[in-house]
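Analysis of the macromolecular model
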Number of protein chains: 2
Amino acid sequence: MTDFPPLPSLPAWSWIQKYQAQYLVGDITAGIVVTSLLIPQSMAYAMLAGLPPQVGLYASIVPAIAYPLFGTSKVLAVGPVAVSSLMVASAITKLAPQGTEEYVNLALTIAFLVGAIAVVMGILRLGFLINFLSRSVISGFISGALIIVIVSQLDHLLGLGVPATGSFIETLVKTLSLMTHINLTTSVLGLSSVAILLYFNQPLVDQLKRLGWSEAQILPISKGSPLLVVILGTLITFGFRLDQTEGVEIVGAIPAGLSGLTMPIFDQEIWQTLLAAALAIALVGYMEGFAGGQAIATKRGEEIDPNQELIAFGIANISAAFSGGYPVTGAVSRSMVSFSAGGNTGLASIITAVFTIVTVMFLTSWFYFLPQTCLAAIIIIAVYKLIDFPTLKRMWNYDKADAIAWLCTFAAVLLWDVQAGIIFGAIIAIALHLYRTSQPHIAIVGRLDDSANFRDILHYEVKTSPQVLAMRIDENLYFANAKYIESFINQAISDRPNDQPEVTSILLVCSAINFIDTSSLEMLESLISAFKSLNINFYFSEVKSPVMDKLEQIGFVNVVGRDRFFFSTDIAMRELS
Amino acid sequence: MTDFPPLPSLPAWSWIQKYQAQYLVGDITAGIVVTSLLIPQSMAYAMLAGLPPQVGLYASIVPAIAYPLFGTSKVLAVGPVAVSSLMVASAITKLAPQGTEEYVNLALTIAFLVGAIAVVMGILRLGFLINFLSRSVISGFISGALIIVIVSQLDHLLGLGVPATGSFIETLVKTLSLMTHINLTTSVLGLSSVAILLYFNQPLVDQLKRLGWSEAQILPISKGSPLLVVILGTLITFGFRLDQTEGVEIVGAIPAGLSGLTMPIFDQEIWQTLLAAALAIALVGYMEGFAGGQAIATKRGEEIDPNQELIAFGIANISAAFSGGYPVTGAVSRSMVSFSAGGNTGLASIITAVFTIVTVMFLTSWFYFLPQTCLAAIIIIAVYKLIDFPTLKRMWNYDKADAIAWLCTFAAVLLWDVQAGIIFGAIIAIALHLYRTSQPHIAIVGRLDDSANFRDILHYEVKTSPQVLAMRIDENLYFANAKYIESFINQAISDRPNDQPEVTSILLVCSAINFIDTSSLEMLESLISAFKSLNINFYFSEVKSPVMDKLEQIGFVNVVGRDRFFFSTDIAMRELS
């Protein structure tokens, strides 16, 4: 921390300065493959957010250029993603009707707030806050959100005509009750798209591998399937005029050209209304992008800086707000594709942006006859594998508290609200953690054979001394467990069988205690003085240096008596027995 | 837990059945002494709550009979207390004007809700929840609340005429700005009362002790000082008609007789409005009473049951709601007086109730000329010593996190709101605890001389092995610290000086790890696989039995390799070096 980096620090210099010609092929290949995935996905996700499809394209341009300049993760594909899109819809659907200009402006505004929150958090180095969302909460949240996404897409996939608003349960009931009214042509188109996507995902890859194709040859074909579905769907719909003859819903007219400069709404009241949602989208979006970036960085043997990532994520979102977009983040699946296709540097992302600009300027009319059912199929196949029941099962086997947090988050997202779900889940996970540490494991220990090792009398054949009760508290002492520990020690003394000699010494083995807060220090003091009147003395062994230093400082060691503290349990038991 | 107690379980049977004649003198003495304290205090606290003085008397009757029948603490004096009274005022002042029947009914209703919450929590055995309020939060909260109480009493003490509503800051500013308008007669009466109370509290006790009086003789005189102040103040005011000639505010007419059956308001909307306040009053009230009860139980060598206490506290409050009272709890100071005066059983509390009934039925007219300034003096002297700056100072020296939680709670109570203050404080204390455990102490350890003991290389002269990096993580592994620990281990490897041999083994000493949650298990798995590619192997020593069992169960031990786990660090270092 002796020398400050020159401001503004542009992490991109590191890859721009060291750029080598040999990177170029990989970057261009990755740029093309990702674009073919991105164009249909970004339009589909925008529509999932209740926005016109071009908003998804706009959100894939400037942020995809801004991010690689400020981020430390080199191969992250930034743009619209499913979960953020759902959260945007959930936040602003109640504020303005979908399809209005106000709705689009609210989406811009939320992107701006998401960006501002992230930049401020990054500058204040608050990236660590993300750690308080446990794996269980994240997995439960994403799984719940993606189920909502899939159910919302059944409408388009089967041509049901479910009204856009309402809670998940309402949408689900409505969808199921309309199942008898499916549009047959739409359903055939949609389900065929699903079949093609599934076939290209794995069976085709396996077949080509058996034919001796290389990974590099297979990848563009496998990952090009969404583009194929878009082209086939559009041609068939156009050829048979399915929109007019069979009522197949199509994307329709998309204005050509870039969005130009757009302005988020600067209004205190609207900001207050959107703040909670923006915070949730910022946390979830950042986390999703960061997880993707980190996974790839690990594979590439690189390091990424959480706080700089937060700033880059924030700048990308602010740039989205001023260029007609909506909240973006690093898309895990597209980033993995970019990495697999040979993407080396941020140039891959910039090339994607260039292709998207070309698309927006010259090719939007080609999407007129694109059926919405194909986009629904693309979304469903993109997200269904991310629904994470295996993690739930593993948690159930390993740690019930994590499984409960998973289920609570999942249920809250589905039954209550997407935004509220993640906050509720985070609180549950923290509460369960606190509950666990409030009733710690306390072992009564004895000597193992003639060694200097002491172990739990319930798990090992050990020798104990009749007058000494040696206990190891397997937790830090703090306010939430002070009473529990006090009761446990009292109980341990009063539960002693009458035929045994009376206990004269209690030895607390402190090897697992990393701090003692004031509440539990007072508990210890009152316990020591209460047992003194019963002629039972307290001793301590294996107190860690940082804990001992603080006990010295507050005078506890002097009051209790320095001879009551032993370096090891072995020495303590020799002296006390 | 083999045989259920007969329902309804009445803990009072234990003392009623074993009652001995020799207890009677102590119980009667305690009953009389406590009554002399209770009568002025209960009227004063009711007025602090914005209620007519008789409400305080009513709240001292039925609850004081109900509590000893259901509670397990034998010498707890239940009735109105300062902090609960302040919280009641803060909760309902904005809902109805003081002095109206509606205001009184809201106070009844809040007592009912407090009681219902407590009974439900007691039945569900949720008494442990109280442990999540740390000592720092409780001390900061009570100190803040009592400062508000004292400032609010300056108005009455000096006869300023400050308007009753408004925040603490407004009241403080108003009080200070009106200091030039003090009522001289009122002030002389009030400050003389303060002087008498202070003199009786300690100097008189010391003098009588020097004269050879016994504790039992001194106590009724010392603790009778509030009654003396009331009598003197009333006589002087009546004698000189100070209410008319000098504008001294008096208590005025108090209706004679019991309140009869009163009904709380049964209205869903009002309940919702009052619920948060009722919850806060229930938690704080229960905690205050329980702390008092426990302190005396410890002195008497008795045990009290937290959940049964919660039920008794609840029943006392429900009974207050139906008998014209308002929220009550065990008053620490009056309980200590009862104990000191020789109170043995719940009969002392019942005797107090009987004397209060007599007072309400026959003596209320005696209080007509009682000046409010005397009551203000009684409140101020009763509470000022409980403002707990010494605890803040101690925490500042011992544990900054506790001191910060104290200050945050204190500031929130004074600057924001009494109810919000305790919730804010509790959140801050938990957040600070989580923050601390999210950045745990990690020690790189080495062998101490030739012993089997391993200690921190920063604190001891120890021998390390060049190829083995042995680290002891002094904290449980859970989601909030998984990333921190991962970074620390990565850093420890990359920070190794180049002139040293490369590390081939990392040994995690797990003696301080009491659980590993799913998030950190996944972190460990990814860390192990990342280091494997660098040819660095992971080993574990001193894994506790409960942790080991779970690692076995999920297959972690088999995947990592059973030979990677060592019973002791000593064995591990011998094998790995």
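Rules and cut-offs
Residues numbered from 1 in each chain as written. Chains lettered and ligands numbered in written order. Predicted model: local features only at pLDDT ≥ 70, side-chain atom pairs only at ≥ 80, totals over all residues. Helix = DSSP H or I, 4+ residues; strand = E, 2+ residues; numbered from the N terminus. Buried ≥ 20, exposed ≤ 12 C-beta atoms within 10 Å, placed from the backbone. Contact = placed C-beta atoms within 7 Å. Bend = angle between axes of the 7 residues up to and from the residue. Domains from an automatic or database assignment. Least-squares fit on C-alpha atoms with pLDDT ≥ 70 in both. Core = buried A, V, L, I, M, F, W, Y, C linked by C-beta atoms within 7 Å. pLDDT = per-residue confidence, 0-100. Axes fitted to C-alpha atoms, helices over the stretch in contact; angles between N-to-C directions. Parallel < 35°, antiparallel > 145°, perpendicular 65-115°, else oblique. Nonpolar A, V, L, I, M, F, W, Y, C, P; charged D, E, K, R; others polar. Expected span 1.5 Å × (residues − 1). Pairing = 2+ DSSP bridges. Right-handed = clockwise from strand over helix to strand, strands pointing away.

The next thing to look at is the overall build of chain A. The helix and strand tally for chain A stands at 26 helices and nine strands. Burial status across chain A gives 50% buried among its 577 residues. Counting only contacts in chain A whose residues sit at least 6 apart along the sequence, the fraction spanning at least 24 positions is 82%.

Of all the bends in helix α14 (residues 268-300) of chain A, the greatest measures close to 45° and is centred on L274 of chain A. G301 of chain A sits one or two residues past α14 of chain A and shows a positive phi near 65°.

For chain A, the domain assignment lists domain 1 (21-430) and domain 2 (442-576). Spacing between the C-alpha centres of domain 1 of chain A and domain 2 of chain A amounts to 55 Å.

Turning to the relation of the copies chain B and chain A, a few remarks are in order. Each copy superposes on the other: chain B lies on chain A with an RMSD of 0.1 Å after a rotation of 180° and an axial shift of 0.0 Å. Expressed as an axis order, the relation between the two copies is that of a two-fold axis. Closest approach to the rotation axis within chain B is made by the C-alpha atom of A512 of chain B, at a distance of 2.0 Å. Interface overlap between copies is the fraction of interface residues in one copy that are interface residues in the other; for chain B against chain A it reaches 98%, indicating a shared surface.

Residue and element names in this part refer to chain B. As for its placement among the helices and strands, L258 is situated in the loop between α13 (242-245) and α14 (268-300). Spatially, the C-alpha atom of L258 lies 25 Å from that of G285, the residues being 27 residues apart in sequence. For L258, the residues in contact, after removing those within four places along its chain, are I357, V360 and M361.

Next up on the list: the nonpolar core. Counting residues in each nonpolar core, the largest one holds 347 residues, and the members touching the most others are A107 and I110 of chain A together with A107 and I110 of chain B. Once you skip the residues sitting within four places of it in the chain, I110 of chain A turns out to touch V88, A91, I92, L274, A277, A278, I281 and P327 of chain A.

So, about the confidence of the model for chain A. Residues shown with low pLDDT carry predicted positions that ought not to be read at fine detail. All names here are of chain A. Per-residue pLDDT for chain A averages 89, and the proportion of residues at 70 or more is 98%. Residue range residues 1-7 is modelled with pLDDT below 50. Its contacts to residues more than four positions away, or to other chains, number zero contacts. The ipTM value of the predicted complex is 0.80, and its pTM value is 0.81.

To characterise two packed helices, one gives the angle between the axes of the helices and the distance between these axes. Residue and element names in this part refer to chain B. Running from amino to carboxyl end, helix α2 (residues 23-48) crosses helix α18 (residues 372-383) at an angle of 95°, the nearest separation of the two axes being 9 Å. By the criterion of interaxial angle, the relationship of α2 to α18 is roughly perpendicular. Across from P40, Q41, M43, A44, M47 and L48 in α2, the residues of α18 making contact are L375, I378, I379 and A382. Broken down by class, the residue content of the contact of α2 with α18 amounts to nine nonpolar, one polar and no charged.

Taken residue by residue, the interface counts 47 residues in chain B and 46 residues in chain A. For the side of chain B that touches chain A, the secondary-structure elements that each account for two or more residues are α7 (135-158), α19 (389-398), α21 (418-438), α22 (479-494), α23 (518-532) and α24 (545-553) of chain B. When its residues are assigned to classes, the side of chain B that touches chain A shows 18 nonpolar, 17 polar and twelve charged.

Once that is clear, we can look at helix α17 (residues 347-363) of chain A. Residues and elements named next belong to chain A. Compared with an ideal rise of 1.5 Å per residue, which puts 17 residues at 24 Å, α17 spans 23 Å between its outermost C-alpha atoms and is within 8% of the ideal. Taken together, the buried positions of α17 are occupied by L347, A348, S349, I351, T352, A353, T356, T359 and V360. Packing partners of the buried residues in α17 comprise α2 (23-48), α3 (53-58), α4 (62-70), β1 (78-79) and α16 (332-340).

Before going further, it helps to examine the pairing of strand β8 (residues 537-541) of chain B. Taken residue by residue, a regular strand's side chains alternate between the two faces of the sheet. All names here are of chain B. Inspection of the sheet shows strand β7 (residues 505-509) paired to β8 by five bridges, in the parallel sense. Bridging from a neighbouring strand, S505 pairs with N537 of β8. When β8 meets strand β9 (residues 565-566), the two strands line up parallel, connected through two bridges. Residue pairing across strands places F540 opposite F565, the latter belonging to β9.

Attention now goes to the pairing of strand β6 (residues 468-473) of chain A. Residues and elements named next belong to chain A. In terms of strand pairing, strand β3 (residues 442-448) meets β6 through three bridges, oriented antiparallel. Bridge pairing links I442 to I473 in β6. As judged from the five bridges shared by β6 and strand β7 (residues 505-509), these two strands associate in the parallel manner. Along β7, the bridge assignment pairs L469 with I506. As a crossover connection, the stretch from β6 through helix α22 (residues 479-494) into β7 is right-handed.

Residue and element names in this part refer to chain A. Phi is positive for E542, which is not a glycine, with a value near 55°. Its place among the elements puts E542 in the loop between β8 (537-541) and α24 (545-553). Taking the C-beta count within 10 Å as the criterion, E542 has 25 such neighbours and is therefore assigned buried.

Further remarks concern the environment of S167 of chain B. Positionally, S167 of chain B belongs in the loop between α7 and α8 (168-177). For S167 of chain B, a count of 14 C-beta atoms within 10 Å puts it in the partly exposed group.

Turning next to the environment of V509 of chain A. Residues and elements named next belong to chain A. Mapping V509 onto the fold places it in strand β7. For V509, a count of 25 C-beta atoms within 10 Å puts it in the buried group. The spatial distance from the C-alpha of V509 to the C-alpha of I28 is 62 Å, given a sequence separation of 481 residues. With residues near it in sequence (within four places) discarded, V509 still touches V445, F454, A470, M471, R472, S541, E542 and T569.

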